[in-house]
Amino acid sequence: MNRRQFLSVNIASLIFGLASAALPAKTTNISAEQVGLLVVGAGFAGLTAAVVAAENGVKDVVVIEKEPLIGGSSILSRGSWAVSGTALQKSQGIVDSDEEFYREIMNAGGQVNNRDLVKRIIPENRKQFEWFLSRGLKPATVFAEGSVPRVHAMDPEAMILELRRAAVQLGIKIRTGVKAVELIVDKGRVIGLKAVQSGKPINFYVKRDVILCTGGFGRNKKLLEQVQPLMRNVLVLSAQGSTGDGITMARKLGANLVDTEHLKASYAFTEDARGIDDKTLANYLGAVIVDDNAKRFVNESNQYRYIADAVLAQPLGRSYLVFDQSIFEQLLKIESDKPFWKEVAKDKKLSYVFTGKTIEEAAKNALLDPEILKKTIDNYNQNILEGKGDPAFKRTPIVSSNQKLQPINKPPFYIVSVKACILGTTVDLRSTTRRKYSTRKENRYLDF
Ligand SMILES: Cc1cc2nc3c(=O)[nH]c(=O)nc-3n(C[C@H](O)[C@H](O)[C@H](O)COP(=O)(O)OP(=O)(O)OC[C@H]3O[C@@H](n4cnc5c(N)ncnc54)[C@H](O)[C@@H]3O)c2cc1C
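The rules behind these values
Residues numbered from 1 in each chain as written. Predicted model: local features only at pLDDT ≥ 70, side-chain atom pairs only at ≥ 80, totals over all residues. Heavy atoms only, no water. Helix = DSSP H or I, 4+ residues; strand = E, 2+ residues; numbered from the N terminus. Contact = heavy atoms within 4.5 Å. Buried < 20%, exposed > 50% of the residue type's maximum accessible area, 1.4 Å probe, protein only. Arc of directions from axis to C-beta. Pairing = 2+ DSSP bridges. Axes fitted to C-alpha atoms, helices over the stretch in contact; angles between N-to-C directions. Expected span 1.5 Å × (residues − 1). Bend = angle between axes of the 7 residues up to and from the residue. Polar contact = N/O pair within 3.5 Å; in protein donor to acceptor, adjacent residues only side chain to side chain.

Topologically, Asn381 is positioned in helix α13 (residues 370-385). With near-sequence residues (within four places) excluded, Asn381 lies in contact with Pro407, Ile408 and Asn409.

Written out as structure tokens, the structure reads:
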């Protein structure tokens, strides 16, 4: 498999390179099946892996998915896909390059990313994107989240359906309601996998490989808190199936979880968030963030993942965005797709939005200390109006470099209770037992 190599999305996958395994003689009531390639998980990673394998001649590919429906977190995603050097960018005169994309990824990752992997992903990612275009899918638009408009707005549901269509055309079997539970090892090699279907055990034996594409572990509270204790108060929007099953199975064979220190949450999600639409960028438009004591505690212009860290470190993991009418008017324009702002504009009561003609009134409604919040905002405003900027946290304007920090002084005032949220667990699996579990000469492990 050398084309596209399922590197397109955040894949926590591990390939177990294997010798061909024949079905063992039947000694129990457990049903057994022999397949060519077994892919576990039917999200972007698993379906892509299966399709690429079949396109490259692998026979008898089977995908198992524990949920009744395919798609995992992939189908819940916003579909924002960063790709460099695309035809859409060129047609809009956007100048971009793989080198620039590489620089931005490395900068965003504080230069600690796996350089080889980043270099490899960038062109493979484009090939995968072009695969979808070749099948008739189109990005709705391309927009900037960094220096260059590079984020292509795709429809994740259409992508999953297209992968499924390709799988069907290639004769791949996708079996839902089949949960992988344990890798089967024989003489130091993975030869298959134990699974459960409708409460009954079923063993798969593979001629080639087992590929684990079971996604992240946002829904595995124990593992999440083990990896990062701050996550005890985090909201989770990952798919229900994101319980780290593949990670657990691989760890039993000695694979390690790596880069755990880089696990970060996203920010700022409304308290009752159900999807990506329940996130706001209000702090980047000038809203101040305060804690339960009505005091600022973080630089609001920081990257959202560092703000999330600071919020999660709060005793209850809560935070409040405080802003005025002029910021609200900007939000209505910039976040016109967010249903909750429209509801606030219509004066609809939402359990996490509090308003008032004065800061004190809004604070009272939000059960924050009115006097302290008034002091916090007065102090913030005073520094801005005196041209001192933000000496306490060194906040900078984000939306445009020409923009100045704006005081929060135009009534009415708004307070929105927001939290940090896990969309995915960017932690990788790495095998430390390559020799033990693979006889292949080439490196068939992806060091994610
Ligand atoms: C709300 C939201 C918005 C997001 N927006 C974006 C975005 O705009 N851009 C972006 O790049 N990323 C985004 N992400 C992250 C992105 O969706 C994920 O990184 C990506 O979808 C992961 O793909 P995957 O195939 O690895 O996992 P998944 O899509 O989760 O697929 C894994 C599958 O494996 C199945 N599975 C798990 N255990 C087993 C088992 N034991 N047996 C059988 N099957 C099993 C699961 O049920 C699941 O269907 C978002 C995530 C969320 C939750």
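Attention now moves to helix α10 (residues 325-334). Every buried residue of α10 is listed here: Gln325, Ile327, Phe328 and Leu331. Down the axis of α10, the buried side of the element spans an arc of 155 degrees, and every buried residue falls inside it. Seen from the buried face of α10, the exposed residues on the opposite side, beyond 90 degrees, are Lys333 and Ile334. Buried residues in α10 make contact with β17 (319-324), α11 (339-345) and β19 (413-422).

One ladder, built from eight bridges, connects strand β9 (residues 178-186) with strand β10 (residues 189-197); its direction is antiparallel. Within β10, the position partnered with Lys179 by the bridge is Val196. Taken together, β9 and the strand that follows it, β10, pair antiparallel across an intervening segment of two residues, in which Lys187 is found at a positive phi of about 45 degrees.

One open sheet accounts for four strands, arranged β2-β11-β10-β9; its pairing is mixed. Lying at the two open borders of the sheet, with one neighbouring strand each, are β2 (31-35) and β9. Adjacent strand axes in the sheet meet at a mean angle of 25 degrees, parallel and antiparallel pairs treated alike. Where β2 lies against strand β11 (residues 200-206), five bridges are found, and the strand directions are parallel. By the bridge assignment, Glu33 is partnered in β11 with Phe204. Most of the contacts of helix α8 (residues 245-252) go to β9, to which it runs at about 15 degrees, and overall it touches β9 and β10.

Glancing now at the sheet that holds strand β5 (residues 80-82). On the basis of which strands lie adjacent, the open sheet formed by three strands has the order β5-β7-β6 and antiparallel pairing. Each of the sheet's edge strands pairs with one partner strand only, and the pair in question is β5 and β6 (142-144). Strand-to-strand twist across the sheet, computed as the mean angle between neighbouring axes with direction ignored, equals 40 degrees. Bridge count between β6 and strand β7 (residues 149-153): three bridges; the pairing is antiparallel. Bridging from a neighbouring strand, Val142 pairs with His152 of β7.

So, about helix α5 (residues 115-134). With 20 residues, α5 extends 29 Å from end C-alpha to end C-alpha; this agrees with the ideal 28 Å at 1.5 Å per step. Bending of α5 peaks at approximately 25 degrees at the position of Ile121, with proline Pro123 no more than four residues after it. Lining the buried residues of α5 we find α1 (44-55), β5, α4 (98-108), β7 and α6 (156-169). Its side-chain oxygen placed 3.3 Å from the backbone nitrogen of Asp116, Asn114 serves as the N-cap of α5.

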